[in-house]
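Tertiary structure, described
Okay, here's what each chain looks like letter by letter:
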Amino acid sequence: MSDQWPAQRPAPRPLPGPPGGYYGPPRFHEVGAGYRRRAGVLLWLAIAVAALMMVAFVASIVLLVKADADVDNAAYGYLALFLWFGIVAAIPMLLALGIPAIVMTQRVRQQERLGHHAVYRGPKFGKQ
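Before going into details, it helps to say that this report is about the structure given with it. Just so we're clear, the structure is a prediction, and the values are computed from it rather than from any experiment.

**Observations regarding the nonpolar core**
By size, the foremost hydrophobic cluster in this structure holds 7 residues: Ala46, Val49, Met53, Ala56, Ile87, Ala90 and Leu97. Sorting the residues of this core by element identifies α1 (33-69) and α2 (75-114) as the ones contributing at least two each. The element that contributes the greatest number of residues to this core is α1, accounting for 4 residues. Here Val49 is in contact with Ala90, Met93, Leu94 and Leu97, once residues within four sequence places are set aside.

Written out as structure tokens, the structure reads:
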């Protein structure tokens, strides 16, 4: 074993930036009218898909009851099963529409709550 001490390393220097070691909040990005429109369209599409799924579920229950009531109506059970496959297949579409719609709608509502409203700045190209 050696009697030497380990080499002393200099203390790390602080990173450049404002005093206190933290940065301010991120800059606010305006939400435009097109963003609001897309959020509304996505939300209503998700609501429509969810409503169709609920109608299909109720119809499948009715078909199962009708198939169970009489042996000659057994085909209604297969129709109910077909509707359940449709419901399961529609779940990813509902998620793909609903999650972005919720996030976008929350951003729009947060902007309205903070008092930041989209301002029309005129056309991007041409005379203003």
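**Quick word on α2**
Here α2 is 40 residues long and its end C-alpha atoms lie 57 Å apart, about the 58 Å a rise of 1.5 Å per residue gives. Largest kink in α2: about 30 degrees, centred on Ala90, with the proline Pro92 one to four residues after it. Those residues of α2 that sit buried are Ala80, Ile87, Ala90, Leu97, Gly98, Ala101, Met104, Thr105, Val108 and Gln111. Looking at the buried side of α2, the elements it contacts are α1. One or two steps after α2, the chain reaches Gly115, where phi turns positive at roughly 90 degrees.

Reading guide: rules and limits
- Residues numbered from 1 in each chain as written.
- Predicted model: local features only at pLDDT ≥ 70, side-chain atom pairs only at ≥ 80, totals over all residues.
- Heavy atoms only, no water.
- Core = buried A, V, L, I, M, F, W, Y, C linked by side-chain atoms within 4.5 Å.
- Buried < 20%, exposed > 50% of the residue type's maximum accessible area, 1.4 Å probe, protein only.
- Helix = DSSP H or I, 4+ residues; strand = E, 2+ residues; numbered from the N terminus.
- Contact = heavy atoms within 4.5 Å.
- Expected span 1.5 Å × (residues − 1).
- Bend = angle between axes of the 7 residues up to and from the residue.

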